[in-house]
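Each chain, written out:
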Amino acid sequence: MSKAMRLDLPVVLPGVGDEADECVARLIALLESRDGVESVHVLPANSLPPVDDIHQQLSEKSRVSPSAALCLHYDPERLSLGQIADMALAAGAGLTTRYGHATLAIRAAGSEDEGLRIERVLLALPGVTAASANTAAQLVRVEYDSQRTTLDVIRRALRELRVAKPRAGDAKKATAEATAERCCDSATRVTVPDINRSGEEATDGVGVEWYHRNRELVWSLAAGSFMLLGIVLDRASLGQVALASYVLAYVFGASDNVGHFLKDVRRGAFRFDIDLLMVVAALGAAALGQWREGAFLLFLFSLGHAAEHYALGRARSAITALAELAPQEALVVSGGQTRSVPIAEVKAGDAVLIKPGERVSVDGVVKEGKSDVNQAPITGESAPIPKSPGEQVFAGSVNGERALTVEVTAAAGDRTLDRVIKLVAEAQTQKAPTQQFTDRFERVFVPVVLIGSVLLMLVPPLVGWWTWSEAIYRALTVLVASSPCALALGTPAAVLAGIAQAARNGVLIKGGAYLEALGAVQTLALDKTGTITKGEPSIVRVITMDGGDEGRIVAAAAAVEAHSQHPLARAVLADAVKRGITPEPVRDVEAVSGRGVRGHVGDAVVEVGRLLMFDEKEVPPAVLGAVKDVEAAGQTAMIVRRLPNGGTGEWLGVLGVADEARQNAPAAIAALRALGLANVIMLTGDNESVAQAIAKQVGISDVRAGLMPEDKLRIVKELSANGRVAMVGDGVNDAPALAHASVGIAMGGAGTAAALETADVALMGDDLGRLSFAVGLSRRARGVIKQNVVVSLGVIAVLVVAAVTGKVGIGTAVIFHEGSTLVVIANGLRLLMFKPQEI
């Protein structure tokens with residue numbers, strides 16, 4: 001008979017808390033190939049089944065903060081418990097040191113095809129297992145096998161492509177790392193792109209910096225100037241000189257396109273793309289003697305690119321601004337003295353002084369002082385939040401009128417702001433489904449256009465419809481008209497702007513796929529505790545069975561609940577503090593998933609939990625009556641029992657706990673319904689009467705109560721059969737349902753690493769009102785993406801018909817072509833103006 005054991009996933013693969021990471025799949029495949037291992041799978045956080053024959057290897061930390069676990073089924077006759085544990089840990093350590101991934105900053109690309117070109121080159125490198133480039137965001141994410149390649153090799157490839165972005169103060173070193181981490185290594189610091197205060201790369205001189213930033217525009221204007229000079233010379237009957245001027249216009253206008261094309265040919269990576277369409281059309285015009293048309297085409301094409309990259313820079317600047325929020329130095333207090341220290345040297349445990357009106361430089365807990373802190377840059381909350389000793393502050397927020405002394409809890413690189421910057425950078429490299437479709441469409445469409453153009457050159461003259469020059473000219477016009485530039489840029493522009501605007505307003509969306517998916521959600525499932533309610537319940541009623549001291553039952557419950565992070569546990573502890581009760585020492589604490597907790601206090605076992613934790617046949621009628629009374633009042637009932645060693649159980653009593661709905665919850669639910677989300681459901685582990693009481697307050701009619709974590713997962717799967725489902729929870733307790741929903745949304749992502757890692761969307765502030773903003777923004781983005789696709793394909797269709805029938809020439813085609821590209825980019829950038837409504 002096989003046995004099974006569990007190991008916390010972060011123990012095996014540090015920094016990984018769910019099964020989504022690619023290293024988890026590698027680990028599972030590696031372990032399943034070992035002799036004696038029957039199967040391996042991942043158990044999401046808080047879905048760990050209470051099965052007796054599974055040996056749990058859990059640290060004290062994981063008991064407090066549940067994490068995903070690796071479950072290994074093995075043959076006990078061939079492997080011992082120690083051997084299987086050592087095998088898993090060794091395999092995880094090997095993967096940790098072997099695989100890495102990095103997000104690298106790149107220069108503004110010369111064309112829409114540059115992203116595909118970068119991906120092809122990187123994937124051709126031995127050891128690179130994945131590459132995703134987003135030229136709109138100017139980022140590329142790579143995953144690599146460190147035994148076969150290094151980051152230096154990858155950077156060298158980017159330098160050879162002339163897209164590597166140099167670090168500030170060193171333009172000659174093209175090291176462009178935005179984040180580089182060893183796979184699964186939680187200790188690695190996160191760095192941000194090497195940028196100066198203007199958001200552009202810094203170089204050795206002002207003139208050089210300006211040129212690098214505006215090179216496309218300079219070369220485009222040079223092409224336009226030589227084109228105009230050629231026209232003037234032509235009219236002055238200086239044909240040869242005019243021709244030389246047109247040639248120079250070609251050189252400046254086509255240098256990037258030709259350079260990319262020749263590099264692809266040298267690498268043996270030749271492919272039909274937009275660059276090739278433009279080059280062929282310009283050369284064809286020259287062959288027909290239409291040098292002016294060709295020069296005009298290349299001038300507008302290059303000018304359009306410069307304008308496109310300038311427009312996209314607005315969205316990038318919105319994200320770059322995140323990196324500018326936190327100061328680069330902090331005032332560290334030591335021995336009664338303060339000294340300015342670079343933020344990279346500030347350690348956890350240091351005391352930092354935050355002066356009035358200054359930006360907070362660290363994540364930490366207020367040690368001294370009281371002040372109102374504006375957290376809008378991090379959480380999106382509009383009003384300043386009062387802070388006093390014991391409360392948390394975040395780097396990037398703005399202090400009010402009084403000084404604060406803050407004890408640092410996270411060093412630079414581990415702060416909430418750093419995690420957000422890293423995740424936003426990664427989100428920009430993840431392509432939305434529509435973008436993936438347009439990429440596939442381009443790969444087929446461009447060769448079809450080239451073949452169609454060749455047929456258009458040959459067939460009509462051969463059958464006597466057109467002259468050869470007329471056929472060739474119309475075919476070249478079709479090449480220009482068919483170039484899918486707008487199609488290539490419309491989706492990434494909208495995604496980039498959408499993610500940027502969300503981040504600016506306290507909502508972290510982890511990629512274009514989730515931005516689109518959230519906009520298509522038909523059903524919204526919400527956890528109750530901590531989502532619809534404040535998540536800070538309090539004890540409102542204490543019923544003792546012997547009519548004695550209420551403090552005795554509270555003291556017993558507080559002893560075991562001191563080792564739990566559940567909101568109900570915090571309510572018990574808060575009540576104990578009010579009564580002046582110090583919890584007794586406890587040992588062997590065991591959490592019973594979804595039911596309660598037990599532990600040894602003194603010479604007895606104390607159990608605290610819901611009615612489900614106990615055999616109802618053993619529960620005295622008096623206790624059952626008390627539970628019924630408490631639940632009838634819309635409160636959660638917690639039964640407390642004491643089991644002395646060698647004695648019979650003593651039922652101490654019942655605690656009544658209530659959690660209030662958030663003040664803005666009714667308005668938030670109404671706003672969601674106004675967006676078209678008619679199917680809003682509450683999922684909760686609480687009993688029916690408590691759930692119905694809260695649901696009635698906030699306006700939800702569909703309530704599923706008394707649910708275990710696996711029940712929530714089952715319901716999400718059932719709802720998903722009828723359309724896309726978004727699940728909103730705290731990012732830890734609802735991890736199974738969050739992972740299997742179309743979109744998982746975590747509340748209160750600020751300062752909560754688990755929420756940021758497990759969910760697809762994180763509401764940085766503990767504000768349900770941000771949910772309607774996130775859904776509204778996603779729906780607007782989805783609409784903009786559809787509009788851009790329709791405009792792009794519509795303009796292509798109209799121009800192709802007009803080109804074939806001779807209604808437009810190359811000049812008109814390129815004007816409409818570049819115009820449509822700028823229109824879809826501008827349409828996407830409208831998302832930067834989408835504002836949240838105050839709820």
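**Some points on the sheet that holds strand 22 (residues 604-609)**
Consideration 1: The strand order across the open sheet built from six strands is 19-24-23-22-21-20, with neighbouring strands paired in antiparallel fashion. Of all strands in the sheet, those with a lone pairing partner are strand 19 (538-544) and strand 20 (587-592), marking the two edges. Within this sheet the neighbouring strands show an average axis-to-axis angle of 20 degrees, counted without direction.
Consideration 2: Two strands pair when backbone bridges link them, and strand 19 and strand 24 (residues 650-658) are joined in this way by six bridges, in the antiparallel orientation. Counted as the bridge partner of Ile 543 is Val 654 from strand 24.

**Section: the packing of aromatic side chains**
Consideration 1: This structure, assessed with the given rule, holds six aromatic pairs.
Consideration 2: When the ring of Phe 226 is compared with that of Phe 252, the centres are 5.7 Å apart and the planes differ by 15 degrees; the resulting orientation is stacked. Taken together, the positions of Phe 226 in helix 7 (residues 206-235) and Phe 252 in helix 8 (residues 239-267) put the pair 26 residues apart, joining distant regions of the chain.
Consideration 3: Exposure remark for Phe 226: the relative accessible area of 25% places this residue in the partly exposed category.
Consideration 4: Here a set of aromatic residues connected by ring pairs shows up, and it is made of Trp 219, Phe 226 and Phe 252.

**Concerning the pairing of strand 25 (residues 679-683)**
On any regular strand, side chains alternate: one points to one face of the sheet, the next to the other face.
Consideration 1: Within strand 25, four of the five residues are buried, which leaves it mostly tucked inside the rest of the structure.
Consideration 2: Judged from the three bridges that link them, strand 25 and strand 26 (residues 702-704) form a sheet pairing that is parallel. Among the inter-strand pairings, Ile 681 is bridged to a residue of strand 26, identified as Asp 702.
Consideration 3: Remark: the strand 25/helix 22 (residues 688-698)/strand 26 crossover connection has right-handed handedness.

**A few points about helix 6 (residues 151-160)**
At 3.6 residues per turn, the α-helix brings residues three or four places apart onto the same side.
Consideration 1: What helix 6 keeps buried is the set Leu 151, Ile 154, Arg 155, Ala 157 and Leu 158. Down the axis of helix 6, the buried side of the element spans an arc of 155 degrees, and every buried residue falls inside it.
Consideration 2: Where helix 6 ends, the next residue or the one after it, Arg 162, has phi of about 65 degrees, a positive value.

**Some details on the confidence of the model for the protein**
Consideration 1: Confidence along the protein averages 78 in pLDDT terms, with 81% of residues attaining 70 or more.
Consideration 2: Looking across the protein, the model is least confident in helix 3 (residues 60-64), with a mean pLDDT of 32, and most confident in strand 26, with 92.
Consideration 3: For residues 46-66, every residue scores under 50 in pLDDT, and the model assigns this stretch 39 contacts once sequence neighbours within four places are set aside.

**Concerning the sheet that holds strand 9 (residues 329-334)**
Consideration 1: The six strands are arranged 10-9-11-16-12-15 in an open sheet whose pairing can be described as antiparallel. Each edge of the sheet is formed by a strand with only one pairing partner; in this case those strands are strand 10 (337-342) and strand 15 (392-393).
Consideration 2: Where strand 12 (residues 363-368) meets strand 16 (residues 404-410), five bridges bridge the pair, whose relative direction is antiparallel. Bridge assignment links Val 365 to a residue of strand 16, and that residue is Glu 407.

**Some points on the pairing of strand 10**
Consideration 1: For strand 9 and strand 10, the ladder comprises six bridges, and the chain directions are antiparallel. Of the residues in strand 10, the one forming a bridge with Leu 331 is Ser 340.

**Quick word on the pattern of salt bridges**
Consideration 1: Across all of its chains, the model carries 18 salt bridges by this definition.
Consideration 2: For Arg 598, the salt bridge is made with Glu 607, and the minimal N-O distance between the two is 3.1 Å.
Consideration 3: Assessed through its relative accessible area of 6%, Glu 607 is described here as buried.
Consideration 4: Ionic pairing is found between Arg 714 and Glu 718, a salt bridge with its closest N-O pair at 3.3 Å. Here Arg 714 pairs with Glu 718, and both are found in helix 23 (residues 709-720), just four residues apart, close to one helical turn.

**With respect to a nonpolar patch on the surface**
Consideration 1: Together, Ile 451, Val 454, Leu 455, Leu 458, Val 459, Leu 462, Val 463, Trp 465 and Trp 468 make up a nonpolar patch on the protein surface, roughly 930 Å² of accessible area in all.
Consideration 2: A total of seven residues in the nonpolar patch trace back to one element, the largest contributor, which is helix 13 (residues 433-463).
Consideration 3: When its relative accessible area of 47% is taken as the criterion, Val 463 is described as partly exposed.

**Quick notes on helix 21 (residues 665-674)**
Consideration 1: Within the span of helix 21, buried status applies to Ala 665, Ala 668, Ile 669, Ala 671 and Leu 672. All buried residues of helix 21 fall inside an arc of 160 degrees around its axis, so they share one side.
Consideration 2: Taken together, the buried residues of helix 21 touch strand 18 (523-527), helix 17 (528-532), strand 25, helix 22 and helix 26 (769-804).
Consideration 3: Directly after helix 21, the chain includes Gly 676, whose backbone phi takes a positive value near 105 degrees.

**Regarding the side chain of Ser 220**
Consideration 1: Position of Ser 220 relative to the elements: it lies in helix 7.
Consideration 2: You can call Ser 220 buried: its relative accessible area is 1%.

**Digging into the packing of helix 18 (residues 550-561) against helix 19 (residues 567-578)**
Consideration 1: Where helix 18 contacts helix 19, the two axes come as close as 9 Å, and the packing angle between them is 130 degrees. The pairing of helix 18 with helix 19 is recorded here as oblique in orientation. Considering only the axes of helix 18 and helix 19, their crossing is left-handed. Here helix 18 contributes Val 554, Ala 557, Ala 558 and Glu 561 to the contact with helix 19, which in turn contributes Ala 569, Val 572, Leu 573, Asp 575 and Ala 576.
Consideration 2: For the contact of helix 18 with helix 19, the residue count by class is seven nonpolar, no polar and two charged.

What counts, and where the lines are drawn
Residues numbered from 1 in each chain as written. Predicted model: local features only at pLDDT ≥ 70, side-chain atom pairs only at ≥ 80, totals over all residues. Heavy atoms only, no water. Pairing = 2+ DSSP bridges. Helix = DSSP H or I, 4+ residues; strand = E, 2+ residues; numbered from the N terminus. Axes fitted to C-alpha atoms, helices over the stretch in contact; angles between N-to-C directions. Phe/Tyr/Trp six-rings, centres within 6.5 Å; stacked < 30°, edge-to-face > 60°. Buried < 20%, exposed > 50% of the residue type's maximum accessible area, 1.4 Å probe, protein only. Right-handed = clockwise from strand over helix to strand, strands pointing away. Arc of directions from axis to C-beta. pLDDT = per-residue confidence, 0-100. Contact = heavy atoms within 4.5 Å. Salt bridge = Lys/Arg side-chain N within 4 Å of Asp/Glu carboxyl O. Patch = residues over 30% accessible without salt bridge, like charges linked within 9 Å, V, L, I, M, F, W, Y side chains within 5 Å. Areas by Shrake-Rupley, 256 points an atom, 1.4 Å probe, with all protein chains shown as cover. Parallel < 35°, antiparallel > 145°, perpendicular 65-115°, else oblique. Left-handed = near helix turned anticlockwise from the far one by under 90°. Nonpolar A, V, L, I, M, F, W, Y, C, P; charged D, E, K, R; others polar.

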